[in-house]
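Letter by letter, the chains look like this.
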Amino acid sequence: MTFPPPKTESPAQRFEEATAAARDALERLIAAANEAGWGSEEITAALLKAAQFLSDANKRDPDPADDPSISDAPAREQIGHGELYD
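From N to C terminus, the protein includes two helices and zero strands. With 86 residues in all, the protein has 7% of them scored as buried. As displayed, the protein has an accessible area near 7900 Å², and 59% of this comes from carbon and sulfur atoms.

What follows deals with the side chain of T8. Structurally, the position occupied by T8 is in the segment before helix 1 (11–35). T8 sits in the buried class, given a relative accessible area of 17%. A distance of 3.2 Å separates a polar side-chain atom of T8 from the backbone nitrogen of S10. Engagement of the side chain of T8 in a polar contact is seen with the side chain of Q13, the distance being 3.0 Å. Every residue in contact with T8, bar those within four places of it in the chain, is listed here: Q13, R14 and E17.

Between the first and last C-alpha of helix 1 there are 36 Å, a value that for 25 residues agrees with the 36 Å anticipated at 1.5 Å per step. All buried positions along helix 1 are accounted for by A21, A25, I30 and A33. Residues of helix 1 that are buried sit in contact with helix 2 (40–60). G37, located one to two residues past helix 1, shows a positive phi value of around 110°.

This structure, assessed with the given rule, holds two salt bridges. A salt bridge links R14 to E9; its shortest N-O distance comes to 4.0 Å. Classification of R14 by relative accessible area gives partly exposed; the value is 34%. Notably, a salt bridge pairs D24 with R28, separated by 3.1 Å at the nearest N-O pair. In this pair, D24 and R28 both sit in helix 1, four residues apart, roughly one turn of the helix. Given a relative accessible area of 39%, D24 falls into the partly exposed group.

What counts, and where the lines are drawn
Within any chain, residue numbers begin from 1 and follow the written order of that chain's sequence. Where local features are concerned, this predicted model is filtered to residues with pLDDT of at least 70; where side-chain atom pairs are given and counted, the filter is 80 or more; whole-chain, interface and lining totals use all residues. Computation of side-chain values: all heavy atoms of the structure, hydrogens and water removed. Comment: elements are numbered from the N terminus, with helices defined as DSSP H or I runs of at least four residues and strands as E runs of at least two. Burial here depends on accessible area, computed with a 1.4 Å probe over protein chains only, as a share of the maximum for the residue type. Under 20% is buried, over 50% is exposed, and the range in between is partly exposed. Accessible areas in this description were obtained via Shrake-Rupley with a 1.4 Å probe; residue shielding takes into account the shown protein chains only. Counting of polar contacts relies on pairs of N or O atoms within 3.5 Å, with two restrictions inside protein: one atom must be capable of donating a hydrogen and the other of accepting it, and residues adjacent in sequence are counted only when both atoms are side-chain atoms. Only heavy atoms enter the contact rule, under which two residues are in contact if any of them lie within 4.5 Å. Given a helix with a known number of residues, its expected span is that number minus one, times 1.5 Å. In what follows, salt bridge is the name for a side-chain nitrogen of Lys or Arg lying within 4 Å of a carboxyl oxygen of Asp or Glu.

See below:
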């Protein structure tokens, strides 16, 4: 799926453009979900919940790309040998 780039720098106009583009993308997503057997109401509720989750995550960490990768984290000493029972 492609998303159109903004056509303006005005915050109000960008919001309107983003809203229209998001609505179009969601309509296509809901239609695809309907074809797969999901009801419009249940998929819309799931999309709202997923959007809220992503919004909350973005508020906690606005740029996760700046976070160090797991391989960059200092290694911790392993206790035991990974057996289920010692």
